[in-house]
Amino acid sequence: MVVAEENVAVNGSRRLSPQQIADILRERIRVGDLKAGDRLPTQADLAEEFGVERGAVRQALRALQEDGLLTNVSRGSPPRIAEPTPAREGPQPTMVGLAPRLTEAFSKAHVCIDAACLTAESLMIALSEPIRLIHAGTLDPESINVRILLPSRDIDPAFPVPVESREDDPVHQRRLAMRNAQVQVLRHNLLALRATHGIDVQITFRALPFTPPVKLYLLNRDEALIGYYVLTERREEYEEKTVDMYDVLGSQSVLFSFVKTAGVRDAAFVAESQKWFDALWETITTDLNLP
């Protein structure tokens, strides 16, 4: 059926776009018609098959290379189908697993980071490594676009909260102050790259009308990292008073990685996670108000 549909497109009146050619080849890889290690036909043969100029074929091959599906593109011989992305290390706590993933994401020319989380603490700390490497000259992205969703200051948070209800809630007020300080530091550190290195930096915050039960990081639309906030009861001192509270330790939330090139399931998870984030960003969220 796939071959028949392709022939209709190739032999019909309309000419295939590079994206359509890439999609056809991507489907052949997915169903196993093209396997890891196989060489593609030459650009001339592909151009003849699809009835297009070689330039359209080259654009399609570059798109597949960016998706991690091809190797040895533009080296004089037809590229090969790439080996599947090996499984990453098992899930790790946020403070262990996030910084290396961000550093790899910052190795791209155009960096796109989306995050939905309870606070900006983990992201602020983890970003210090790629920022350090930029200052050291090891990383040199052209642009950085960061979008962060955090719970609104105007909602009654699901957590952290005192175990026993109180008229005054010192827990919420202190956490808001800490979160606002983290946001300011994160913003300052990223925007400083614009002045010191001429990088096109954009960082935007929006407010969620609910307390997120999970943390989600989307890296260059290629990888999704998700971790669950696990509630626990603990005590904390507030102005010489001991408060029992239900809280989470976000830095210890275990992150699970899904990579677009690792298979159909991972690719679907990354795509749906990005769709979920974009829908929140564009609909029920509001500008994040800082005092």
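Look a little higher up for the structure.
Residues numbered from 1 in each chain as written. Predicted model: local features only at pLDDT ≥ 70, side-chain atom pairs only at ≥ 80, totals over all residues. Heavy atoms only, no water.

Peer 1: Give a description of the side chain of Asp114 that names residues and reports values.
Peer 2: Residue position: Asp114 is located in strand β4 (residues 110-116). Judged by its relative accessible area of 1%, Asp114 is buried. A distance of 2.9 Å separates the side chain of Asp114 from the side chain of Arg147, its partner in a polar contact. At a separation of 2.9 Å, a polar atom in the side chain of Asp114 contacts the side chain of Gln274. If we skip the residues at most four places from it in the chain, Asp114 touches Arg147, Leu216, Tyr217, Leu218, Gln274, Phe277 and Asp278. (Helix = DSSP H or I, 4+ residues; strand = E, 2+ residues; numbered from the N terminus. Buried < 20%, exposed > 50% of the residue type's maximum accessible area, 1.4 Å probe, protein only. Polar contact = N/O pair within 3.5 Å; in protein donor to acceptor, adjacent residues only side chain to side chain. Contact = heavy atoms within 4.5 Å.)

Peer 1: Account for the sheet that holds strand β6 (residues 161-162), with residues named and values stated.
Peer 2: Strand order in this open sheet of three strands is β6-β11-β10, and the pairing throughout is antiparallel. The sheet is open, and its two edges are formed by β6 and β10 (232-238), each paired on a single side. Bridge count between β10 and strand β11 (residues 241-247): seven bridges; the pairing is antiparallel. By the bridge assignment, Arg234 is partnered in β11 with Met245. The strands touched by helix α8 (residues 170-197) are β6, β10 and β11; relative to β10, the strand with the most contacts, the crossing angle is about 80°. (Pairing = 2+ DSSP bridges. Axes fitted to C-alpha atoms, helices over the stretch in contact; angles between N-to-C directions.)

Peer 1: Residues and numbers for the pairing of strand β9 (residues 223-228), please.
Peer 2: Within β9, five of the six residues are buried, which leaves the element mostly enclosed by the surrounding structure. Here strand β8 (residues 214-219) pairs with β9 via six bridges, running antiparallel. Bridge pairing in β9 places Leu216 opposite Ile226. Between β8 and β9, which pair antiparallel and follow one another directly, the connecting turn spans three residues, one of which, Asn220, has a positive phi of 55°. The sheet contact formed by β9 and strand β12 (residues 254-259) spans five bridges and is antiparallel. Its bridge partner lying in β12, Ala224 is registered against Phe258.

Peer 1: Give me the pattern of salt bridges: which residues, what numbers.
Peer 2: Within the structure shown, the criterion is met by 18 salt bridges. Between Arg30 and Glu27 there is a salt bridge whose closest N-O contact spans 2.8 Å. One end of the pair is Arg30 and the other is Glu27, both in helix α2 (residues 18-31) and three residues apart, which spans about a single turn. Under the relative-accessibility criterion, Arg30 is labelled exposed at 51%. With a shortest N-O distance of 3.5 Å, Asp278 and Arg221 are connected by a salt bridge. Placement of the pair is Asp278 in helix α9 (residues 264-282) and Arg221 in the loop between β8 and β9, with a sequence separation of 57 residues. (Salt bridge = Lys/Arg side-chain N within 4 Å of Asp/Glu carboxyl O.)

Peer 1: Run through the sheet that holds β9, naming residues and quoting values.
Peer 2: On the basis of which strands lie adjacent, the open sheet formed by eight strands has the order β3-β12-β9-β8-β4-β5-β7-β13 and mixed pairing. A single partner strand is all that each edge strand has here, and the edge strands are β3 (92-93) and β13 (286-287). Two strands pair when backbone bridges link them, and β3 and β12 are joined in this way by two bridges, in the antiparallel orientation. Bridge pairing in β12 places Gln92 opposite Leu255. α8 contacts β5 (143-151) and β7 (200-208) of the sheet and is inclined by roughly 160° relative to β7.

Peer 1: Requested: an account of the environment of Arg39, with residues and values cited.
Peer 2: As for its placement among the helices and strands, Arg39 is situated in the loop between α2 and α3 (43-50). Of the residues examined, Arg39 reaches a relative accessible area of 39% and is grouped as partly exposed. As a C-alpha pair, Arg39 and Ile199 span 160 residues in sequence and 38 Å in three-dimensional space. Discounting residues that sit within four places of it in the chain, Arg39 has contacts with Ser77, Pro78, Pro79 and Arg80. Engagement of the side chain of Arg39 in a polar contact is seen with the backbone oxygen of Pro78, the distance being 2.6 Å.

Peer 1: Tell me what's going on with the packing of aromatic side chains, and back it up with residues and numbers.
Peer 2: In the structure shown here, the tally under the stated rule is three aromatic pairs. The aromatic ring of Trp281 is capped on one face by Arg206, whose charged end is 6.0 Å from the ring centroid. (Phe/Tyr/Trp six-rings, centres within 6.5 Å; stacked < 30°, edge-to-face > 60°. Lys NZ or Arg CZ within 6 Å of the ring centre and 35° of its normal.)

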